[in-house]
Amino acid sequence: MIFKRIEKLFICFSFLTISCCAQSLKRTKSVDYDIKFCQQYIAKEELDSGIRCVLDKLSYFERSNMNNINKHNAYALLGLMYEDKNQNDKSIFYYLKALEYNEYLTDSLAEKEIKILGKLGALYRNIGKYDESIFYLKQKLESVKNLSGVNSDVYVNTLSSLSICYKRKDDFAKAIEYNVKSSIIIEKLYGKRSLKYLKQTT
């Protein structure tokens, strides 16, 4: 009789454990979906609603100790939304918060880091903080090199962005240096007669 009760208790406990695990997995998938759900507000141009949506999910991540990839994605999305609202300071703040979680990104997600570094470079340049822009653009340049090498449009465009920053700082020697570097790669990729090369060198 005692053994039968123990057996019943064990079966009940096992059922509850499986049920809890299933619910936990369901919640994780739901949260993942919710972050993607928040993105719809960008297309709808309902950015304030989108921001509230992401902040709500971010609060949930913090309370439930969700993994850092979710936090990275949430902060990056907030950065994008504030960028679309032309609120550069807040956009920079959230992109920087996203970078705090970059160490948890796998190699397959390295492109996310590159995009954020590029965003920061562009935002700082837009508000006239060229030293900060150069700092993040150089990080982007190194990340692109490590991920896909130097013979790519992304690498070339980053060189060109650095050239613009140095030109605005009146550091013409550096501006020319980065312009020449980008022109050499463009010539290699597209040839001297390409519009891209002519635009870069005229």
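Calculation rules
Residues numbered from 1 in each chain as written. Predicted model: local features only at pLDDT ≥ 70, side-chain atom pairs only at ≥ 80, totals over all residues. Heavy atoms only, no water. Helix = DSSP H or I, 4+ residues; strand = E, 2+ residues; numbered from the N terminus. Buried < 20%, exposed > 50% of the residue type's maximum accessible area, 1.4 Å probe, protein only. Contact = heavy atoms within 4.5 Å. Areas by Shrake-Rupley, 256 points an atom, 1.4 Å probe, with all protein chains shown as cover. Expected span 1.5 Å × (residues − 1). Core = buried A, V, L, I, M, F, W, Y, C linked by side-chain atoms within 4.5 Å. Axes fitted to C-alpha atoms, helices over the stretch in contact; angles between N-to-C directions. Parallel < 35°, antiparallel > 145°, perpendicular 65-115°, else oblique. Left-handed = near helix turned anticlockwise from the far one by under 90°. Nonpolar A, V, L, I, M, F, W, Y, C, P; charged D, E, K, R; others polar. Phe/Tyr/Trp six-rings, centres within 6.5 Å; stacked < 30°, edge-to-face > 60°. pLDDT = per-residue confidence, 0-100.

Peer 1: Teacher, can you tell me more about the overall build of the protein here?
Peer 2: When helices and strands are counted, the protein shows nine helices and zero strands. Reading the protein from its N end, one meets helices and strands in the order α-α-α-α-α-α-α-α-α. Scored against the burial criterion, the 202 residues of the protein give a buried share of 37%. Sequence-distant contacts in the protein: of pairs separated by 6 or more residues, those separated by 24 or more amount to 52%. Carbon together with sulfur atoms contributes 55% to the accessible area of the protein, which is approximately 13,000 Å² in total.

Peer 1: What should I look at first to understand helix α4 (residues 88-99) in this one?
Peer 2: An α-helical turn contains 3.6 residues, so any two residues separated by three or four positions project in the same direction. Relative to the 16 Å expected for twelve residues at 1.5 Å per residue, α4 spans 16 Å between its end C-alpha atoms, a close match to the ideal helical length. Turning to α4, the residues buried within the fold contact α2 (47-64), α3 (68-84), α5 (110-126) and α6 (130-148).

Peer 1: For this particular structure, what's the right way to read the nonpolar core?
Peer 2: Nonpolar side chains in soluble globular proteins tend to end up buried together. Judged by nonpolar contacts, the single largest core of 28 residues is most densely connected at Val54, Tyr75, Leu78, Ile116 and Leu120. Mapped onto this core, the elements with two or more residues apiece are α1 (2-43), α2, α3, α4 and α5. With seven residues, the top contributor of residues to this core is α3. When residues no more than four places from it in sequence are discounted, the contact partners of tyrosine 75 are Leu58, Glu62, Tyr94, Tyr95, Lys97, Ala98 and Tyr101.

Peer 1: Explain the packing of α2 against α3 to me, please; I cannot follow it from the model alone.
Peer 2: Helix-helix packing is characterised by the crossing angle of the two axes and by the distance between the axes. Contact geometry for α2 and α3: axes closest at 10 Å, N-to-C directions at 160°. Looking at the two axes, α2 sits roughly antiparallel to α3. Every pair of crossing elements has a handedness; the one defined by α2 and α3 is left-handed. Contact residues: α2 offers Leu47, Gly50, Ile51, Val54, Leu55, Leu58, Phe61 and Glu62, while α3 offers Asn70, Lys71, Ala74, Tyr75, Leu77, Leu78, Met81, Tyr82 and Asp84. Residue composition of the contact of α2 with α3, grouped by class: twelve nonpolar, two polar and three charged.

Peer 1: Any chance you could explain helix α7 (residues 153-168) here in plain terms?
Peer 2: Here α7 is 16 residues long and its end C-alpha atoms lie 23 Å apart, about the 22 Å a rise of 1.5 Å per residue gives. Buried within α7 we find Tyr155, Val156, Thr158, Leu159, Ser160, Ser161, Leu162, Ser163, Cys165 and Tyr166. A positive backbone phi angle near 65° is found at aspartate 170, which sits one or two residues after α7.

Peer 1: How should the packing of aromatic side chains be read in this particular structure?
Peer 2: Counted according to the given criterion, the structure contains nine aromatic pairs. With centroids separated by 6.2 Å and ring planes inclined at 20°, the aromatic side chains of tyrosine 75 and tyrosine 94 adopt a geometry described as stacked. A residue pair is termed long-range when its members are at least 10 positions apart, and tyrosine 75 in helix α3 and tyrosine 94 in helix α4 qualify at 19 residues. Residues tyrosine 75 and tyrosine 94 agree in their burial class; the two are buried. With 6.0 Å between their ring centres and 15° between their planes, tyrosine 75 and tyrosine 101 make a pair best called stacked. Taken together, the residues tyrosine 75 in helix α3 and tyrosine 101 in the loop between α4 and α5 connect sequence positions 26 residues apart. Considered together, tyrosine 75 and tyrosine 101 belong to a single accessibility category, that of buried residues.

Peer 1: I would appreciate a short explanation of the confidence of the model for the protein in the present structure.
Peer 2: Interpreting fine coordinate detail is not advised for predicted regions of low pLDDT. Within the protein, residue pLDDT values average 82, and 77% of them lie at 70 or more. Here α1 stands out as the element of the protein with the lowest mean pLDDT, 52, in contrast to α4, whose mean of 96 is the highest. Note that residues 2-30 has pLDDT below 50 and, in this model, two contacts with residues that lie over four places away or in other chains.

Peer 1: Could you clarify how one ought to interpret the environment of alanine 175 in this entry?
Peer 2: Turning to its location among the elements, alanine 175 is positioned in helix α8 (residues 172-190). Residue alanine 175 is classed as buried on the basis of its relative accessible area of 7%. Other than its neighbours up to four places away in sequence, alanine 175 contacts Ser163, Tyr166 and Lys167.

Peer 1: Even after reading the chapter, I still don't get the packing of α3 against α5, so can you show me in this structure?
Peer 2: Contact geometry for α3 and α5: axes closest at 12 Å, N-to-C directions at 35°. Helix-helix and strand crossings are classified by hand; for α3 and α5 the assignment is left-handed. Facing α3, whose interface residues are His72, Asn73, Ala76, Leu80 and Glu83, α5 presents Lys112, Ile116, Lys119 and Leu123. Here the contact of α3 with α5 is composed, by residue class, of four nonpolar, two polar and three charged.

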